Amino acid sequence: MSITRILRHLLEHHWRVRRVFPSDMRDRIAQAITTAEATHSGQVRFVVEGALDGRPLFRDQPARERALDLFAHLRIWDTAQNNGVLIYLLLADRDVEIVADRGIDARVGKEGWERICRAMEQDFRHGRFEHGVIAGVAAVSRELARHFPPRAGSPNELPDEPVVI
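Definitions and cut-offs
Residues numbered from 1 in each chain as written. Predicted model: local features only at pLDDT ≥ 70, side-chain atom pairs only at ≥ 80, totals over all residues. Heavy atoms only, no water. Buried < 20%, exposed > 50% of the residue type's maximum accessible area, 1.4 Å probe, protein only. Helix = DSSP H or I, 4+ residues; strand = E, 2+ residues; numbered from the N terminus. Pairing = 2+ DSSP bridges. Contact = heavy atoms within 4.5 Å. Axes fitted to C-alpha atoms, helices over the stretch in contact; angles between N-to-C directions. Core = buried A, V, L, I, M, F, W, Y, C linked by side-chain atoms within 4.5 Å. Parallel < 35°, antiparallel > 145°, perpendicular 65-115°, else oblique. Left-handed = near helix turned anticlockwise from the far one by under 90°. Nonpolar A, V, L, I, M, F, W, Y, C, P; charged D, E, K, R; others polar. Expected span 1.5 Å × (residues − 1). Lys, Arg positive; Asp, Glu negative; His and termini not counted. Salt bridge = Lys/Arg side-chain N within 4 Å of Asp/Glu carboxyl O. Polar contact = N/O pair within 3.5 Å; in protein donor to acceptor, adjacent residues only side chain to side chain.

1. Considering the pairing of strand β1 (residues 43-49)
Moving on, step 1. When you tally the buried positions in β1, you get seven out of seven residues, the bulk of the element.
Moving on, step 2. Burial along β1 is two-sided: Q43, R45, V47 and E49 facing one way and V44, F46 and V48 facing the other are all buried.
Moving on, step 3. In this structure, β1 lies alongside strand β2 (residues 84-90), joined through seven bridges in parallel fashion. Residue V44 lies in a different strand from β2, and its bridge partner there is V85.
Moving on, step 4. Pairing of β1 with strand β4 (residues 163-164) involves two bridges; the strand directions are parallel. Bridge pairing in β4 places V47 opposite V163.

Right, dumping it as structure tokens:
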């Protein structure tokens, strides 16, 4: 467990997430998800968490593990075609993780998701949070469209609004 990481998380104020991702930006991200989902039959969720606290922090939970917890908690795995995708940003660590259900993950693979994560992280390093998220949603949606084209009458199984923790 790194004392630097603990301090970074303890000093990361939760209000900062709402400053970096104000409501109008979250609305534009939700609209980008809605628009992107029209191009495929998959489901995309975006979650941003300012910092870990309590037990997850003091047991040094990695961002990937936290993303897996949220993937399960938000029931992203529970889509009809096993093609739900979570884009998770842990702001204190500036770490992006993509967790995908088995239907799409088997087709894109770890390297494909990592490429999207690194591009998003690059935008975030330059303070381009909205651009990074919307570009990430578009990149994930291109993969979903290639493997899961839109189907007539497909319901929107998951909310499109970003989750802020």
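That was the structure; now back to the text.
2. Here we look at the sheet that holds β2
Moving on, step 1. Across the sheet, four strands lie side by side as β3-β2-β1-β4; this open sheet has mixed pairing. One side of each edge strand has no neighbouring strand; the edge strands of this open sheet are β3 (95-100) and β4.
Moving on, step 2. Here helix α3 (residues 23-37) sits on the sheet and contacts β1 and β4; the angle it forms with β1, its principal contact strand, is near 160°.
Moving on, step 3. The sheet contacts of helix α5 (residues 63-73) involve β1, β2 and β3, and relative to β3 the element is tilted by about 40°.

3. A short note on the nonpolar core
Moving on, step 1. Of all hydrophobic cores here, the largest spans 31 residues; its most connected members are F21, F46, I87, W113 and V140.
Moving on, step 2. When residues of this core are traced back to their parent elements, those giving at least two are α2 (14-20), α3, β1, β2, β3, α6 (102-125) and α7 (129-147).
Moving on, step 3. Here the element with the most residues in this core is α6; it accounts for seven residues.
Moving on, step 4. Once you skip the residues sitting within four places of it in the chain, F21 turns out to touch R26, I29, F46, V48, L89, F129 and V133.

4. Remarks on the packing of α6 against α7
Moving on, step 1. Taken N-terminus to C-terminus, the directions of α6 and α7 make an angle of 165°; their axes are 9 Å apart at the nearest point. One element, α6, and the other, α7, form an angle in the roughly antiparallel class. Judged by the sense of rotation from one axis to the other, the crossing of α6 with α7 is right-handed. Taken together, the residues of α7 that come into contact with α6 (itself represented by I104, R107, V108, W113, I116, M120, D123 and F124) are F129, H131, G132, V133, G136, A139, V140, E143, L144 and H147.
Moving on, step 2. Of the residues belonging to the contact of α6 with α7, the class tally is 11 nonpolar, four polar and three charged.

5. Observations concerning α7
In an α-helix, one full turn covers 3.6 residues, which means residues spaced three or four apart are oriented alike.
Moving on, step 1. Compared with the 27 Å implied by 1.5 Å per residue over 19 residues, the 27 Å span of α7 between its first and last C-alpha is a close match.
Moving on, step 2. Residues of α7 that are buried include every one of F129, G132, V133, G136, V137, A139, V140, S141, E143 and L144, and no others.
Moving on, step 3. Considering only its buried residues, α7 is in contact with α2, α3, β1, β2, β3 and α6.

6. Examining the environment of L70
Moving on, step 1. Of note, L70 is situated in helix α5.
Moving on, step 2. Put simply, L70 and V99 are 29 residues apart on the chain and 9.5 Å apart in space, counted from C-alpha to C-alpha.
Moving on, step 3. Among residues more than four places away in sequence, those in contact with L70 are V47, E49, L86, Y88 and I165.

7. Thoughts on the side chain of D160
Moving on, step 1. Within the fold, D160 resides in the loop between α7 and β4.
Moving on, step 2. Buried charge without a salt bridge: D160, with R45 as the nearest opposite-charge side chain at an N-O distance of 6.6 Å.
Moving on, step 3. At a separation of 2.6 Å, a polar atom in the side chain of D160 contacts the side chain of T34.
Moving on, step 4. For D160, the side chain forms a polar contact with the side chain of N156, separated by 3.2 Å.
Moving on, step 5. The residues touching D160, leaving out its near neighbours within four places in the chain, are A30, I33, T34 and E37.

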